[in-house]
Amino acid sequence: MSQRHAFPSKAFQNALLRWYDHHARTLPWRAVPGQTPNPYHVWLSEIMLQQTTVAAVGPYFQKFTQIWPNVHALAKANPERVMKEWAGLGYYARARNLIACAQQITQEYGGVFPQEELDLLKLRGVGPYTAAAIAAIAFNKQAVVIDGNIERVTARLFRIQKPLPSSKPLIRHHAMDLFKNIKRSGDFAQSLMDLGATICTPQNPKCSECPVKNFCEAFEKGDAALYPLKNKKKKIPVREGKVFWLTKNKQLVCEVREKDRMLGGMLGLPTTDWDLKHDASDVNRDAFKAIDTGLSITHTFSHFKLILKIYAAQVKVLPKKNMKFIPIHDILDSGLPSLFQKVARKMITS
DNA sequence: AAAACGTGGGG
DNA sequence: TCCCCAAGTTT
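Residues numbered from 1 in each chain as written. Chains lettered and ligands numbered in written order. Predicted model: local features only at pLDDT ≥ 70, side-chain atom pairs only at ≥ 80, totals over all residues. Heavy atoms only, no water.

Caption draft 1: Region of interest: the protein's contact with DNA strand B. Taken together, 18 residues sit near DNA strand B, with Tyr92, Lys234, His299, His303 and Ser338 positioned nearest. Those atoms of DNA strand B that come within 4 Å of the protein belong to sugar or phosphate at a rate of 64%. Within the backbone of Gln51, one N or O atom sits 2.9 Å away from a base nitrogen of DNA strand B. Note that a phosphate oxygen of DNA strand B is positioned 2.6 Å from one of the side-chain N or O atoms of Tyr92. (Near = heavy atom within 4 Å. Polar contact = N/O pair within 3.5 Å; in protein donor to acceptor, adjacent residues only side chain to side chain.)

What follows is the structure, given as structure tokens:
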């Protein structure tokens, strides 16, 4: 019985760090070599980057750091303003948690970020990945950082035959080998993520350019693109509802959505509930006696697709307490989430 | 522990 | 149009 020899961590780490020293991406939140990372920038960028692309985050990071240059400023911020500035980035619980976390840091830590992974893990919106990432990147603490990139890189390096998500424990086991005794913890974590983003990509990985191809079992077999194996996703259902374009002169009725609803805490337009689409039409109650405009929008969320039929009416007063008038002229700049931005754009341009 | 939670871009 | 994906967390 022969066991596979231990993974050559040191040689792997050196090869990857050598590559990183030459090819690291320049990112707005990333400290330049030799400069001390700004924990606020690291934290803010990590929250924004959760399930989001680097390209999408760029402008939001610039805007947030300009308006709120540090945690203290963010902790004191008007929450509605924060939600407005987050509009369009998605996963709005992140913005609600961002505010809560900033307040946690000012109240429980005197405005100074904790450096230990286990303390970071207690912060709102900071889970296992983000706690490890902040500990490593902001404070150069040894931490095993595992995001989607590093899962993919690891699955290929070890040619893992079990599909995600059930392979996560095995991937973690191998990732711990990669990070063993790492000194430049933050650089190493970022080098793995940069590798995943630019070379070891989900499709068409550029294996010939890979600085660690000689450590990679999938490269050896020539089938890196097959990994990580994944279970098939189920199809998402279609739901349908009505959205109301209620005007008074040049003003539009908007509402701040309840925090426990979809798009919670965000500005929106009044809608019915969003029910599963049936053939038997019109399960929805029309609360506002509004007229069918014949217009509609569709929007795909992560777990369902929504068809929203647009109904219009003129009103004299605000229908409910949580509602307010916004000048139609300003509505496209009011911080609507994309779903409602589509409705407003359609109504204004048609 | 599976499902909820957004969005935009690419193939 | 459809599917996949992008620095995950919370319940």
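Caption draft 2: Fine view of the domain arrangement of chain A. When its domains are assigned, chain A resolves into domain 1 (9-226) and domain 2 (238-349). Each of domain 1 and domain 2 has a C-alpha centre, and the two are 36 Å apart. Of all residues in domain 1, Lys84, Tyr92 and Arg96 bury the most surface against domain 2, accounting for 54% of the area lost on that side. Linking domain 1 with domain 2 are one salt bridge. Notably, a salt bridge pairs Lys324 with Glu80, separated by 3.7 Å at the nearest N-O pair. Applying the counting criterion to the domain 1 and domain 2 interface returns one residue pair in polar contact (both at pLDDT 80 or more). When residues in the side of domain 1 that touches domain 2 are grouped by element, the largest group, three residues, is from helix α5 (residues 79-86). A class-by-class count of the residues in the side of domain 1 that touches domain 2 yields four nonpolar, one polar and three charged. (Domains from an automatic or database assignment. Buried area = accessible area lost by both parts, 1.4 Å probe. Salt bridge = Lys/Arg side-chain N within 4 Å of Asp/Glu carboxyl O. Helix = DSSP H or I, 4+ residues; strand = E, 2+ residues; numbered from the N terminus. Nonpolar A, V, L, I, M, F, W, Y, C, P; charged D, E, K, R; others polar.)

Caption draft 3: The protein's contact with DNA strand C, seen in detail. With respect to spatial proximity, 30 residues lie near DNA strand C, and among them Glu46, Gly125, Asp147, Asn149 and Pro202 are the closest. Expressed as a percentage, the sugar and phosphate content of the atoms of DNA strand C within 4 Å of the protein is 69%. The separation between a phosphate oxygen of DNA strand C and a polar main-chain atom of Pro128 is 3.4 Å. A distance of 3.2 Å separates a phosphate oxygen of DNA strand C from a polar atom in the backbone of Gly148. Listed by contribution, the elements that provide at least two residues to the surface near DNA strand C are α2 (39-49), α8 (128-139) and α9 (148-157).

Caption draft 4: Expanded view of the packing of aromatic side chains. Across all of its chains, the model carries 15 aromatic pairs by this definition. Relative to Phe188, the ring of Phe12 has its centre 6.2 Å away and its plane inclined at 80°; by these criteria the two rings are edge-to-face. Separated by 176 residues along the polypeptide, Phe12 in helix α1 (residues 9-23) and Phe188 in helix α11 (residues 185-198) bring together distant segments of the chain. Judged on exposure class, the residue Phe12 and its partner Phe188 are both buried. Taken together, the aromatic side chains of Phe7, Phe12, Phe158, Phe179, Phe188 and Phe215 make up a single cluster linked through ring pairs. Directly above the ring of Phe304 sits Arg239, whose terminal nitrogen or CZ lies 4.2 Å from the centroid. (Phe/Tyr/Trp six-rings, centres within 6.5 Å; stacked < 30°, edge-to-face > 60°. Buried < 20%, exposed > 50% of the residue type's maximum accessible area, 1.4 Å probe, protein only. Lys NZ or Arg CZ within 6 Å of the ring centre and 35° of its normal.)

Caption draft 5: How the structure looks around the packing of α8 against α11. Remark: α8 packs on α11, axes separated minimally by 7 Å, with the N-to-C direction vectors making an angle of 125°. Judged by the angle between their axes, α8 and α11 are oblique. Counted together, Tyr129, Ala136 and Ile137 of α8 and Ser185, Gly186, Gln190 and Met193 of α11 form the full contact between these two elements. In the contact of α8 with α11, the residues fall into four nonpolar, three polar and no charged. (Axes fitted to C-alpha atoms, helices over the stretch in contact; angles between N-to-C directions. Parallel < 35°, antiparallel > 145°, perpendicular 65-115°, else oblique. Contact = heavy atoms within 4.5 Å.)

Caption draft 6: Highlighting the packing of α2 against helix α3 (residues 54-67). One can describe the packing of α2 onto α3 by two numbers: an axis separation of 10 Å at closest approach and a directional angle of 140°. If you check the angle between α2 and α3, you find them oblique. Of the two possible hands of crossing, α2 and α3 adopt the one that is right-handed. For the pair α2 and α3, the contacting residues are Tyr40, His41, Leu44, Ser45, Met48 and Leu49 in the first and Val54, Val57, Tyr60, Phe61, Phe64 and Thr65 in the second. Here the residues of the contact of α2 with α3 sort into nine nonpolar, three polar and no charged. (Left-handed = near helix turned anticlockwise from the far one by under 90°.)

Caption draft 7: Local environment of the pairing of strand β6 (residues 305-314). In this structure, strand β1 (residues 238-248) lies alongside β6, joined through 10 bridges in parallel fashion. In the strand pairing of β6, Thr247 is matched with Gln314. Turn length for the strand β5 (residues 291-300)-β6 hairpin, with the two strands adjacent in sequence and antiparallel, is four residues. (Pairing = 2+ DSSP bridges.)

Caption draft 8: Expanded view of helix α10 (residues 168-178). What α10 keeps buried is the set Ile171, His174, Ala175 and Leu178. Taken around the axis of α10, the buried residues stretch over an arc of 105°, which confines them to a single face. (Arc of directions from axis to C-beta.)

Caption draft 9: The environment of Ala75, seen in detail. Inspection of the secondary structure assignment puts Ala75 in helix α4 (residues 71-76). With a relative accessible area of 13%, Ala75 lands in the buried category. When neighbours within four sequence positions are excluded, Ala75 is seen to be in contact with Ala102, Gln103 and Thr106.

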